[in-house]
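# A closer look at the structure
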Amino acid sequence: MKAEEEEEEDNIIKPNRDSYYLYCSSERKERTREDILWNESEEMENDDLELGFLENFDNVGSDGEGEELGLQVGERGNGRENNERFDFNGENRRQNRNWYDSDDENDMDLVGWVSDVEAMCATTGASGSQGVKVDVNLNLGWGGEPSSSSASDWGTNFGNDIHAPVHDEVGDKDVPNSGVAGHDVRNNSDALKTGDLLEVRMDLTDDLLHMVFSFLDHIDLCCAARVCRQWRDASSHEDFWRYLNFENRAISAQQFEDMCRRYPNATAVNVYGTPAIHTLGMKALSSLRNLEVLTLGKGQLAESFFHVLTDCRMLRSLTINDATLGNGIQEIAIYHDRLHDLQIVKCRVLRVSIRCPQLETLSLKRSSMPHAVLNCPLLRELDIASCHKLSDAAIRSAATSCPVLESLDMSNCSCVSDETLREIAVSCGNLHVLDASYCPNISLDVRSPFSSFYDGILSLYVYYLTCGSPWKSVILPMLTVLKLHSCEGITSASMVAISRSYMLEVLELDNCSLLTSVSLDLQRLQNIRLVHCRKFVDLNLRSSVLSSITVSNCPSLQRISITSNALKKLVLQKQESLAMLELQCHCLQEVDLTECESLTNSICEVFSNSGGCPELRSLVLDSCESLTAVSFCSTSLVSLSLGGCRAMTSLDLSCPYLEHISLDGCDHLERAQFSPVGLRSLNLGICPKLNVLHLEAPQMVSLELKGCGVLSEAFIDCPLLTSLDASFCSQLKDDCLSATTLSCPLIESLVLMSCPSVGPDGLSSLHSLQSLTYLDLSYTFLVNLQPVFDSCVYLKVLKLQACKYLSDASLEPLYKNNALPALCELDLSYGTLCNRGVACLLLSAMSTFYESQDQANRLLQNLNCVGCPNIKRVVIPPTARCFHLSSLNLSLSSNLREVDISCCNLFILNLSNCYFLEILKLDCPRLTSLFLQSCNINEEVVEAAIRECSMLETLDVRFCPKISPLSMGTLRTACPSLKRIFNSLIAT
């Protein structure tokens, strides 16, 4: 009977490969949902006890507080492993649960994704259900209690988010057998009604579930195992448990043994930082016959561990970090026939003997061992860096016992001598990489025995080459990388020995304090470093493939000579003593010599066409304060920076493709010639002492000479120039202006503010500028504007600020002869025009001029008469026909008393600081802003004026003594459109 009940439960709960259905009906009362889940919980509890790993991941930690369990798992797609790192602490587990407790939208996205994957599996012939595509809800919110106490928190959260209601009771007949459920549903799908039967279906084939689970980490796999049997079986697949990583976890021996028994095919184990690395390591070696990678550390490994090591035949890599080997005072023997990689880092041992015939990589870095015996005939990489207790003889014996050694790192081994290197050179003819940094006894001096380091290699090579020995293909001078950082014995004499290594590609000589010069002719040299060499003076390099040079903080460096066909960028910043530079670099494109203060004018020849850098595009000479006369003739230069060259007085550039130039801080430049250049814009206003300018720029459109107060001679040939600003060029004369207008006929904007030397002849030459629309003659000594009226018929903007010598008659052509018919903006601020002239201009006289209906409307839009003390009355009647006037500024006109304006398109009126203003009449229906700040005007006058301004939004009446702050409501009533009123908070 009990067996029949178990079989019945299996038919109800256990999903098959095709589908899993749970039908719930309110009409059937034979069996409750709680009964189903209780039985399932009992089964899952028993399964968990069999698995033995679910509680391990939830409970493992130090002192029971659940420290993070670092597990590394690989991507399990198509048998691939990626060894990614995951941390499983309590917080992360809570975050992992949120994957199940997502909102509806995320659920639907995941459902759609799974459906797509299932369809893909179907098309590729994957096993499992091939029926109708169905929706899958991965929340599986069944409610009820969790299956086991160890997963109480997870089970609670997992069951809270229920997207499909489930009836309280369900009968045995309502839950069809999983083997025929899919068939029944497909045949009776039309009969399923929402009110009668609610369906929560899951159709995940084993292959599809395996694909989905391949994206989960170990803790998520454990959580998924508690959902159902299918998920438990899928999550425990050995593909997901190839790499067992328990780094820095307080895992017990029993827990580790359970994991090894559960996954005997695991290939990688990491027990670094666990409480008993010896015990766990022994378990791993004895239980996992397919173990290939083992990592241990932070503890003590007894001698027995290394005895058992030989029994693990599949082991390929062994890493021991920060451990005590044996009892620390005995010899440790490591024998293994198939080991390829061995890392013994920062370990404590008296003597180590290694016999591994297949070993290729060995690291004893930072280990405190005075003796090491190697019997590794295939060893290619040996790292004994920072092994301070290894003697010179021990290092010599270890290295020379490896005849095919290719890489040797013995940095920070202070006892290494030149004699040891000589023996290594003879025994290891295939050595490619040598790092002897921080070895103070190494000098490579030809007078020392180390000269044989290269002589021995070359002699052997010649001998075997001529004698036809079968070893000639093995024993070759193959050294390609040489690192000699902080070697106090390295001097200029050492370069003789280095120059004999003809295969050398990388040379690093940082912090060689006694090194004074380097002269190398190595055709394979690609990279050289010289940093913090205090006494270094001379650098001479010849290599056709040299592509990287790093020279920094060499305060004594004076001369550099480089020949290379591969170098593209050279940076030599802050070499204060560098005075001579010779380059033969046909591919060099960028050079930065910032703050090389000793460079002289001869540097210009290096970067000109006659120099050795025909492809140079960018040159930076910022703050080279010894440069006085700079001259470049280059057909490749595109960018030039001379910022901060304060001693430069002359600049001569013939660079037709030059597009960018920086002259910031060149405040002593007196003569500049650009003939020709490809610049589109140029600012010479930062060169206040410039007095001679010759400029030929076919592409230039903008030139700024603002502030060149002593510029007296200027030849400007820029046929495409549209904007010229010559403000404050007080020495600029008519002949220069005339020549410029002839050579630059497309100028649209011309600023001659504060150019007192410009007279009628220069202004008459403006007739050549048919496109001139903007002219600024402010702060000049003009007395007659007739040349402007005659020459600039298309002028739109005319600025005449502070032209104190202009008389009233000078403006008559504007309103009598219809001069400048296209004028839109006129600025007469701070002038001495009397009331009659301005009044005529402001169209009290224009009313008679425009009585004839044949005349066109005025185009004037902006009129500025700021600070005109002679203006007393301004009247613009409707007959003036100023339909385009939109802005009128009469501020600071201290004697203005009456303003009567009727202008249909006026938007802005500024009468600020007109203290004597008494009469204000406005008929401006489109006025939006009215400024009356500091005007002594009555409140009633303002109220009456703004009644006719139906679109007024801003009113400024600050500091108006006759307008009370309490009367703002009255003003708003007079003009309901007001949005902003600026007034003083306290009545003045």
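Residues numbered from 1 in each chain as written. Predicted model: local features only at pLDDT ≥ 70, side-chain atom pairs only at ≥ 80, totals over all residues. Heavy atoms only, no water.

### Some thoughts on the overall build of the protein chain
As a reminder of what qualifies: Per the convention used, a helix needs a DSSP run of H or I reaching at least four residues, while a strand needs a run of E reaching at least two, with both numbered from the N terminus. A 1.4 Å probe rolled over the protein chains alone gives each residue an accessible area, and that area as a share of the maximum for its type sets the label: buried under 20%, exposed over 50%, partly exposed in between. Per-residue and other accessible areas follow the Shrake-Rupley method at a 1.4 Å probe size, with only the shown protein chains counted as cover for residues.
The number of helices and strands found in the protein chain is 26 helices and 50 strands. Residues classed as buried in the protein chain amount to 51% of the 988 residues present. When the accessible surface of the protein chain is split by element, carbon and sulfur atoms take 49% of a total near 42500 Å².

### Some remarks on the sheet that holds strand β45 (residues 898-902)
What counts here: Strands are treated as partners if at least two bridges between them are detected by DSSP. What counts as an axis is a line fitted to C-alpha atoms, over the stretch in contact for a helix, and the angles between N-to-C directions run from 0 to 180 degrees.
With parallel pairing, the three strands of this open sheet are ordered in space as β43-β45-β47. Unpaired on one side and paired on the other, β43 (873-876) and β47 (919-923) mark the two borders of the sheet. The sheet shows a mean angle of 10° between the axes of neighbouring strands, taken without regard to direction. Summarising the sheet, β45 and β47 pair through five bridges and their orientation is parallel. Counterpart to I901 in the pairing with β47 is L922.

### Points about the confidence of the model for the protein chain
Any region with low pLDDT has predicted coordinates that should not be read closely. Note the following rule: Scored between 0 and 100, pLDDT is the confidence that the predictor attaches to each residue. For this analysis, residues touch if any pair of their heavy atoms sits within 4.5 Å.
The share of residues in the protein chain with pLDDT of 70 or more is 73%, and the mean pLDDT across the chain is 78. Below a pLDDT of 50 lies the segment residues 1-201, which in the model reaches 340 contacts outside its immediate sequence neighbourhood of four places, other chains included.

### Some thoughts on the pattern of salt bridges
Keep this limit in mind: Any Lys or Arg side-chain nitrogen located within 4 Å of an Asp or Glu carboxyl oxygen qualifies as a salt bridge.
Applying the stated criterion across every chain yields a total of 24 salt bridges. Its salt-bridge partner being R947, residue E943 comes within 2.7 Å of it at the nearest N-O pair. Look at E943 and you get buried, because its relative accessible area is 16%. A salt bridge links E953 to K979; the shortest N-O distance between them is 3.9 Å. With E953 in the loop between α25 (939-946) and β49 (954-956) and K979 in the loop between α26 (968-974) and β50 (980-982), this residue pair connects regions lying 26 residues apart in the sequence. Overall, the relative accessible area of 28% leaves E953 in the partly exposed class. Where salt bridges share partners, they join E238, D239 and R242 into one cluster.

### Overview of the nonpolar core
The cut-off we apply is this: We define the nonpolar core as a collection of buried residues of types Ala, Val, Leu, Ile, Met, Phe, Trp, Tyr and Cys that are connected through side-chain atoms lying within 4.5 Å of one another.
Ranked by internal contacts, the top residues of the largest apolar core, which has 249 residues, are I354, V518, F607, F674 and L695. Filtering out sequence-adjacent residues up to four positions away, F607 remains in contact with L581, L583, V591, L593, C613, L616, L619, F632 and S634.

### Focus: the packing of aromatic side chains
What counts here: Only rings of Phe, Tyr and Trp enter the pairing, Trp through its six-membered ring, and a pair is recorded when the two centres are within 6.5 Å. The plane angle decides the type: under 30 degrees is stacked, over 60 is edge-to-face, the rest tilted. We count a charge as sitting over a ring when the NZ of a lysine or the CZ of an arginine lies within 6 Å of the ring centre and within 35 degrees of the ring normal.
For the structure shown, the criterion picks out six aromatic pairs. Between F246 and F256 the ring centres are 6.0 Å apart and the planes differ by 80°, which places this aromatic pair in the edge-to-face class. Placement of F246 in the loop between β5 (243-245) and α11 (253-262) and of F256 in helix α11 is noted, with a sequence separation of ten residues between them. By relative accessible area, which is 3% here, F246 ends up buried. Taking relative accessible area as the criterion, F256 reaches 0% and is therefore assigned buried. Arranged with centres 5.6 Å apart and planes meeting at 85°, the rings of Y915 and F916 form a pair that is edge-to-face. For Y915, a relative accessible area of 42% gives the class partly exposed. Its relative accessible area of 37% is what places F916 among the partly exposed residues. Just above the ring of Y335 sits the side chain of R355; from NZ or CZ to the centre is 4.1 Å.

### A closer look at a negative patch on the surface
Selection rule: A residue counts toward a patch only above 30% relative accessible area and without a salt bridge, and it is joined to like-charged neighbours within 9 Å or, for Val, Leu, Ile, Met, Phe, Trp and Tyr, to nonpolar neighbours within 5 Å. Charge assignment in this entry is limited to Lys and Arg as positive and Asp and Glu as negative, and neither His nor the chain termini are counted. In this description, the location of a charge corresponds to atom NZ of lysine, CZ of arginine, CG of aspartate or CD of glutamate.
Side chains of E576, E595, E597 and E625 sit close together on the surface and give a patch of like negative charge. Inspection of the secondary structure puts E595 in the loop between β26 (590-592) and α18 (603-606).

### Focus: the environment of T310
Short version of the rule: What qualifies as a polar contact is a pair of N or O atoms within 3.5 Å, subject to a donor-acceptor requirement within protein and to the restriction that residues adjacent in sequence count only when both atoms come from side chains.
As for its placement among the helices and strands, T310 is situated in the loop between α13 (303-308) and β8 (317-325). Assessed through its relative accessible area of 30%, T310 is described here as partly exposed. When the C-alpha atoms of T310 and H336 are compared, they prove to be 5.2 Å apart, with 26 residues separating the residues in sequence. Excluding residues that lie within four positions of it along the chain, T310 makes contacts with Y335 and H336. Polar side-chain contacts of T310 include one of 3.1 Å to the backbone oxygen of H307.

### A few points about a positive patch on the surface
Together, K298, K346, K365 and R366 make up a region of like positive charge exposed at the surface. Assessed through its relative accessible area of 45%, K298 is described here as partly exposed.

### A short note on unusual backbone geometry
The step from S675 to P676 runs through a cis peptide bond, and the omega angle for that step is -15°. Summarising the element assignment, P676 is placed in strand β32 (residues 671-677). One non-glycine residue, Y438, lies in the positive phi region at around 60°. As for its placement among the helices and strands, Y438 is situated in the loop between β16 (433-435) and α16 (451-467). By relative accessible area, Y438 is classed as partly exposed at 40%. Its identity as a non-glycine residue notwithstanding, S486 has a phi of 55°, on the positive side. Owing to a relative accessible area of 18%, S486 belongs among the buried residues under this scheme.

### Here we look at the packing of helix α14 (residues 392-400) against helix α15 (residues 418-427)
Convention followed: Here the word oblique covers every angle except those under 35 degrees (roughly parallel), over 145 (roughly antiparallel) and from 65 to 115 (roughly perpendicular). Residue type decides the class: Asp, Glu, Lys and Arg count as charged, Ala, Val, Leu, Ile, Met, Phe, Trp, Tyr, Cys and Pro as nonpolar, and the leftover types, Gly among them, as polar.
Packing of α14 against α15 brings their axes to within 9 Å, and their N-to-C directions diverge by 10°. Relative to α15, α14 is oriented roughly parallel. Along the contact surface, α14 presents D392, I395, R396, A399 and T400, while α15 presents E419, T420, E423, I424 and S427. The residue inventory of the contact of α14 with α15, partitioned by class, reads three nonpolar, three polar and four charged.

### Brief notes about the environment of M753
Assignment of secondary structure puts M753 in the loop between β38 (749-751) and α20 (760-764). Expressed as a C-alpha distance, the spacing of M753 and D725, which sit 28 residues apart in the sequence, is 8.5 Å. The contacts of M753, once residues within four sequence positions are left out, are A726, S727, F728, D776, S778 and Y779.

### Examining the packing of α11 against helix α12 (residues 277-287)
For clarity, the threshold we go by: Handedness of a helix crossing follows the sense of rotation of the near helix relative to the far helix, less than a right angle counterclockwise being left-handed and clockwise being right-handed.
It is the contact of α11 with α12, at a shortest axis distance of 10 Å, that shows an interaxial angle of 20°. By the criterion of interaxial angle, the relationship of α11 to α12 is roughly parallel. Judged by the sense of rotation from one axis to the other, the crossing of α11 with α12 is right-handed. Only T279, L280, K283, A284 and S287 of α12 make contact with α11, whose side of the interface consists of A253, F256, E257 and C260.

### Regarding a nonpolar patch on the surface
Taken together, the side chains of Y779, Y830 and L892 make up a nonpolar region of the molecular surface, amounting to roughly 280 Å² of accessible area. For L892, the position within the fold is in the loop between β44 (887-889) and β45.

### Re the sheet that holds strand β21 (residues 538-542)
The sheet built from four strands is open, its strands ordered β19-β21-β23-β25 with parallel pairing. Since the sheet does not close on itself, it has two edges, and those belong to β19 (517-521) and β25 (580-585), each with one partner. Across the sheet, the mean angle separating the axes of adjacent strands is 5° when strand polarity is ignored. Examined bridge by bridge, β21 and strand β23 (residues 559-564) share five bridges and lie parallel to one another. By the bridge assignment, L539 is partnered in β23 with I560.

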